[in-house]
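Analysis of the macromolecular model
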Amino acid sequence: MPRYLNVGAAQLGPIARDEPRATVVSRLIDLLQQGAVAGCELVVFPELALTTFFPRWYLDEGDASNISGDTTELDSYYERSMPGPETQPLFDEAKRLGVGFSLGFAELTEPDDDGVVHRFNTTILVERDGTIVGRFRKVHIPGHEAHEPWRQFQHLERRYFEESNEGFPVFEAFDGVVGMATCNDRRWPETYRVMGLQGVELVMIGYNTPMFYAPDPTQNALAGFHNHLVMQAGAYQNGTWVVGVAKGGIEEGVESLAQSAIIAPSGQIVAQAVTIGDELVTARCDLDWCKQYKETLFDFERYRRPEVYTRITAQKGAIAPGSTKQDGVIS
């Protein structure tokens, strides 16, 4: 018998810099309720779904890895607990409806043994009973760390978030094997393959992707194409469903990509958002469809050759033929 999972991609429109958290949570609850009416068992929300995309501003309030000074605005964008007082209604409604969700947010940890707090771009997975069953912290952090005032807007994720060292775990939930990734992670084939090697059947990916890329504006016109390209390739090459969900539209003067999509193990898009605002798109995902790819073209056990892939994990940057690399210097 097929294992069907009804999934909703809950795209968000812009969130204003001064929009109260309670207002945003109400929007999420509305989308969750729409999902329940549509028969969804799982609703996927975007990256940083509770706030505006604050890395577009240089907040001169200390380094994210060594916070000092007045961090009032910066800290206001992070969650110290999950659920917290303002997000608890979302969990309560999920339990009442029997609909699970994944949620991206900025996480501020409790102090570690050295008294240091850590900041991560985090996504959690919540089951249909309202309990947290999984956590993912963004691995591939894009952007820059230093103030670059020449930019039309900044992309300071590397200032405000740490890279995760937890990798790409998968979880037995929603009657399948599911995993999570965040925004820039979707561009890296290793993201999908590491989860694919754990038998993943559904990958949830939230993103906030500006339509203007300052380092190379020639890529701007290809933003939508590249977005779907990497997720469709990841789905097909690993025999998994992929749910990519945007926070799109024009937020604080910055236009961001929408085009949320649910992608089958064949690499085909089976549902896609048509607006740039709050919108729910749904699909009935047969998790057993994954076997048609995992047990044929992409039968890892039969066809993979890990002994010839060692360069992938042994080397970070590209090294041209004939070059040597010592202490980070190519000669």
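Model, not experiment: these values are computed from the prediction. (Residues numbered from 1 in each chain as written. Predicted model: local features only at pLDDT ≥ 70, side-chain atom pairs only at ≥ 80, totals over all residues. Heavy atoms only, no water.)

1. Examining empty space enclosed by the protein
- Across all of its chains, the model carries 2 cavities of 30 Å³ or more by this definition.
- Here the largest cavity is characterised by a volume of approximately 50 Å³.
- Forming the boundary of the largest cavity are 13 residues, of which Phe 45, Thr 123, Ala 181, Ile 205 and Gly 206 lie nearest the centre.
- Where the lining of the largest cavity is concerned, the elements lending two or more residues are β6 (100–108), β10 (176–182) and β11 (202–207).
- Tallied by class, the residues present in the lining of the largest cavity amount to 7 nonpolar, 5 polar and 1 charged.
- Size it by volume and the second largest cavity reaches roughly 30 Å³.
- In terms of lining residues, the second largest cavity is bounded by Phe 53, Arg 56, Phe 153, Gln 154, His 155, Pro 210, Val 254 and Ser 256.
- Of the residues contributing to the lining of the second largest cavity, the split by class is 4 nonpolar, 3 polar and 1 charged. (1 Å grid on protein atoms, 1.4 Å probe; cavity = no way out; pocket = protein on both sides within 12 Å on 5 of 7 lines; lining within 4 Å. Points joined across faces, edges and corners; volume = space filled by probe spheres on them. Helix = DSSP H or I, 4+ residues; strand = E, 2+ residues; numbered from the N terminus. Nonpolar A, V, L, I, M, F, W, Y, C, P; charged D, E, K, R; others polar.)

2. A look at unusual backbone geometry
- Here the bond from Met 82 into Pro 83 is cis, since omega is 0 degrees, no more than 30 degrees from zero.
- Tracing the chain through its elements places Pro 83 in the loop between β5 (78–79) and α3 (88–97).
- The phi torsion at Asp 175 lies on the positive side, around 60 degrees, for a residue other than glycine.
- Take Asp 175: it is sitting in the loop between β9 (170–173) and β10.
- What makes Asp 175 exposed here is its relative accessible area of 58%. (Buried < 20%, exposed > 50% of the residue type's maximum accessible area, 1.4 Å probe, protein only.)

3. Brief notes about the packing of helix α5 (residues 189–196) against helix α6 (residues 223–238)
- Contact geometry for α5 and α6: axes closest at 9 Å, N-to-C directions at 25 degrees. One finds that α5 runs roughly parallel with respect to α6. Judged by the twist between their axes, the crossing of α5 over α6 is right-handed. Of α6, the residues touching α5 (which contributes Tyr 192, Arg 193 and Gly 196) are Val 230, Met 231, Gly 234, Gln 237 and Asn 238. (Axes fitted to C-alpha atoms, helices over the stretch in contact; angles between N-to-C directions. Parallel < 35°, antiparallel > 145°, perpendicular 65-115°, else oblique. Left-handed = near helix turned anticlockwise from the far one by under 90°. Contact = heavy atoms within 4.5 Å.)

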